[in-house]
Amino acid sequence: MSTAARMQQPELQEEGLVVDGLGKIFPSRDTPTVAVENATFSVAPRQVTILLGPSGCGKSTVLRMIAGLDTPTSGRITLNGEPVIGPNRDRGMVFQGYTSFPWLTVRRNVAYGLRINGDATALAEGAVDHFLDRVGLSRFADAWPHQLSGGMRQRVALARALATTPQLLLMDEPFGALDAETRWQMQELLLDVIRKERMTVVMVTHDVEEALLLADQIIFLSSRPGRVKAVLHPPFKQDAAISTREELRAQPQYGSMEQDILRMMREEAAHG
Ligand SMILES: Nc1ncnc2c1ncn2[C@@H]1O[C@H](COP(=O)(O)OP(=O)(O)OP(=O)(O)O)[C@@H](O)[C@H]1O
Ligand SMILES: [Mg+2]
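What counts, and where the lines are drawn
Residues numbered from 1 in each chain as written. Chains lettered and ligands numbered in written order. Predicted model: local features only at pLDDT ≥ 70, side-chain atom pairs only at ≥ 80, totals over all residues. Helix = DSSP H or I, 4+ residues; strand = E, 2+ residues; numbered from the N terminus. Expected span 1.5 Å × (residues − 1). Buried ≥ 20, exposed ≤ 12 C-beta atoms within 10 Å, placed from the backbone. Pairing = 2+ DSSP bridges. Axes fitted to C-alpha atoms, helices over the stretch in contact; angles between N-to-C directions. Contact = placed C-beta atoms within 7 Å. Near = placed C-beta within 6 Å. Nonpolar A, V, L, I, M, F, W, Y, C, P; charged D, E, K, R; others polar.

(A) Molecular detail of helix α5 (residues 150-163). Between the first and last C-alpha of α5 there are 20 Å, a value that for 14 residues agrees with the 20 Å anticipated at 1.5 Å per step. Across the 14 residues that make up α5, a large majority, 11, are buried. For α5, the full list of buried residues reads Arg153, Gln154, Arg155, Val156, Ala157, Leu158, Ala159, Arg160, Ala161, Leu162 and Ala163. Among the residues trailing α5, Thr165 stands out with phi positive, at a value near 45 degrees.

Here is the structure:
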């Protein structure tokens, strides 16, 4: 069996991810914070869903609840029809910023998620090599994180999440700390990886261009408390037409979609 065949992700079933009437209130001594209110949306298998909205509107809170790292105050989340009640290896998470362990080599960083899941088999070792190759880091397998650029470190984080072969890849502004050029490279790399691995992704971003490049579906959240203000389906990724930023910008509908989203961002920022 080829490595690619062995490493195929356990795919999300047709039920996908369903977020139904989700709410989150953070208690406090004075006024509780209503972070998310009645958010409903679903994520189909092999689709990329982007959570977009103004700062503080509850994007990370929604993602953390999907990851099982936070508990909803109301509503429910199901994955393949099963309620999400805590973290599980069926969901892999890439956090914002610097997320590799400085005391482990690149290879050991990528293998880390497998080891905490108790999977140290030869197949798991194969997964490490496969995903290092996918993110273009094979040559750096024995390097230390301090020897890598910021973009390369985020590729380590991506490979680590992928190596656990999650059904759902969750990413919270994974490229937020990168300079503009590295960010474009990472977006194009991600597009390539999620196509080849047939991944289902939920990703938070502030960046409208990033959202339009990567998304099959954009869930636009209002200013706090986060409610679903709009659900958009950018047409650019259909039939695998787009793989670079230049191609995206050349699309006839690109300008008007970008303007619509920027206008919603401005309206919500004014209310926030
Ligand atoms: N653990 C917590 N305890 C109390 N309040 C919290 C907690 N986590 C988040 N909040 C509050 O919930 C609201 C939503 O926060 P969240 O981090 O989800 O926003 P966000 O959309 O991800 O923002 P940003 O774009 O700036 O990352 C904010 O008002 C925040 O202060
Ligand atoms: Mg956030």
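(B) Main features of unusual backbone geometry. The linkage connecting Arg224 with the following residue, Pro225, adopts the cis geometry, with an omega of 0 degrees. Relative to the elements of secondary structure, Pro225 occurs in the loop between β9 (217-221) and β10 (228-232). We note that Arg198 has phi near 50 degrees; this positive angle belongs to a residue other than glycine. Along the chain, Arg198 falls in the loop between α6 (180-197) and β8 (201-205). For Arg198, a count of 12 C-beta atoms within 10 Å puts it in the exposed group.

(C) Main features of the sheet that holds strand β7 (residues 168-172). Spatially, the 6 strands line up as an open sheet ordered β6-β7-β8-β3-β9-β10, and their pairing is mixed. Each edge of the sheet is formed by a strand with only one pairing partner; in this case those strands are β6 (91-94) and β10. On average, each strand axis in the sheet is inclined to that of its neighbour by 15 degrees, with strand direction left out of account. Across 4 bridges, the pairing between β7 and β8 is parallel. Looking at β8, one finds that Leu170 is bridged to Val202. Relative to the sheet, α5 contacts β6 and β7, its axis offset from that of β6 by approximately 175 degrees.

(D) Seen up close, the site of ligand 1. The environment of ligand 1 is formed by Phe26, Thr33, Ala35, Ser55, Gly56, Cys57, Gly58, Lys59, Ser60, Thr61 and Arg224. Where the shell around ligand 1 is concerned, the elements lending two or more residues are β2 (33-43) and α2 (59-67). Its residues assigned to classes, the shell around ligand 1 shows 3 nonpolar, 6 polar and 2 charged.

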